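Descriptive structure summary
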Amino acid sequence: MPAANSSNITLLSFLLMGFPGTDHTSIYISLPLTLVYLLSILGNGLILVIIKVDNQLREPMYLLLSMLAATDLCLSLSTSPTVLSVFWFDTRRIHVDACLFQLFFLHTLCSMESAILVAMAFDRYVAICNPLRYNTILHPVIIAKIGLAAFIRGVTLHLPLTFLLKRLPFCGNDALSHGFCYHPDVMKLACADITINNKYGMVIILSTYPLDVLFILFSYVMILKTVGSKSMKAERLKALNTCVSHLCVVLLFYIPLIGLTLAHRYGQKDSILLLVLMGGAFLVIPPALNPVVYSMKTKQIRIAIRKRFLGK
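The paragraphs below set out a description of the structure included in this document. (Residues numbered from 1 in each chain as written. Predicted model: local features only at pLDDT ≥ 70, side-chain atom pairs only at ≥ 80, totals over all residues. Heavy atoms only, no water.)

A tally of helices and strands in the protein chain yields 10 helices and two strands. Expressed along its principal axes, the backbone C-alpha trace of the protein chain runs to roughly 85 × 40 × 30 Å. When the 312 residues of the protein chain are sorted by exposure, 46% land in the buried category. Taking contacts inside the protein chain between residues at least 6 apart in sequence as the whole, the part at least 24 apart equals 80%. By element, 70% of the accessible surface of the protein chain is carried by carbon and sulfur atoms, the whole surface being about 16,100 Å². If you average the places of the 26 positive and of the 14 negative side-chain charges in the protein chain, the two averages end up 12 Å apart. (Helix = DSSP H or I, 4+ residues; strand = E, 2+ residues; numbered from the N terminus. Buried < 20%, exposed > 50% of the residue type's maximum accessible area, 1.4 Å probe, protein only. Contact = heavy atoms within 4.5 Å. Areas by Shrake-Rupley, 256 points an atom, 1.4 Å probe, with all protein chains shown as cover. Lys, Arg positive; Asp, Glu negative; His and termini not counted. Charge placed at Lys NZ, Arg CZ, Asp CG, Glu CD.)

When its volume is computed, the largest pocket comes out at roughly 500 Å³. Considering the residues around the largest pocket, the lining is formed by 16 residues, among which Arg124, Lys238, Asn241, Thr242 and Gln300 are closest to the centre. If you list the elements that add at least two residues to the lining of the largest pocket, you get α2 (60-89), α3 (96-129), α8 (233-266) and α10 (299-309). The element contributing the most residues to the lining of the largest pocket is α8, with six residues. Here the residues of the lining of the largest pocket are counted per class, giving five nonpolar, five polar and six charged. (1 Å grid on protein atoms, 1.4 Å probe; cavity = no way out; pocket = protein on both sides within 12 Å on 5 of 7 lines; lining within 4 Å. Points joined across faces, edges and corners; volume = space filled by probe spheres on them. Nonpolar A, V, L, I, M, F, W, Y, C, P; charged D, E, K, R; others polar.)

Our next topic: the packing of aromatic side chains. Two measures describe an aromatic ring pair: the distance that separates the ring centres and the angle between the ring planes. Tallied over the full model, the rule gives six aromatic pairs. Between Phe253 and Tyr254 the ring centres are 4.9 Å apart and the planes differ by 80°, which places this aromatic pair in the edge-to-face class. By relative accessible area, Phe253 is classed as buried at 3%. Exposure remark for Tyr254: the relative accessible area of 5% places this residue in the buried category. Through a chain of ring-to-ring contacts, three or more aromatic side chains come together here, namely Phe101, Phe104 and Phe105. (Phe/Tyr/Trp six-rings, centres within 6.5 Å; stacked < 30°, edge-to-face > 60°.)

Moving on: the packing of α2 against α3. Axis separation between α2 and α3 bottoms out at 9 Å; the angle between their running directions is 160°. Relative to α3, α2 is oriented roughly antiparallel. In this structure, α2 meets α3 at a crossing whose hand is left-handed. Tallied by class, the residues present in the contact of α2 with α3 amount to 16 nonpolar, five polar and four charged. (Axes fitted to C-alpha atoms, helices over the stretch in contact; angles between N-to-C directions. Parallel < 35°, antiparallel > 145°, perpendicular 65-115°, else oblique. Left-handed = near helix turned anticlockwise from the far one by under 90°.)

This brings us to unusual backbone geometry. Positive phi, close to 55°, is recorded for Asp90, a residue that is not glycine. One can find Asp90 in the loop between α2 and β2 (93-95). According to the relative accessible area criterion, Asp90 is exposed, its value standing at 51%.

Here you go:
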């Protein structure tokens, strides 16, 4: 009997990729990558512990920061096992269902992080433009509802995305571009019409991230307008200084995200190294550097850390 055509055999697993052409130097990549993941997990865990144990960090700003840290922590924990297994153990196979499971969490957490960044921009807007009503507008119940809304938005948008991928047959090429599962990357491996998947993915992107960015920009336009009306330079600098940490985190999140999205949508087929680099930047930079930024730029966080661990 003739052998079955391998291109028509439904795949049960995908092949995860590391950095192309680095098989003999993977140890030099795996060590810093592991350190970055550890920094992300320890840093965000530290932020959560400090906010939990310090009664002075009960303001809305720090409650939102704890949500951001929890989201980044989950993001690192959901992707680090597959990424690190590629470099440390050369374990490159991931079952299709496990891949879809990881993909769902990855995109849901990214959507949640974007929503939390919007809420943090609104927090800064209220604190600077309407300080007398700050604790009234953003009391803990409202903060909890914001977190729940961010979670519901992420799950509602990306659960259908996962099921739309689940219905597709995968055959032929099984190599993903990253050490983790990412929707545009997985979608391209399907041996069926992906028009619906592609359009729905674009609907999600256009209905979430651009609107979130516009809301953040609007918040800062209003903040700058209010700050500009202050008569004293010291007051203006103090108001703007409270926004520095948030602006840094916004840039750390959206720049790699936009870069990875554009690389997958419009990159050349042979630009695998670009995809890998953008995927690495998107995956490790925001979770690792967010706690560093807030620890360095937020005086109350620094004081709480010194008091807790150094007794000062």
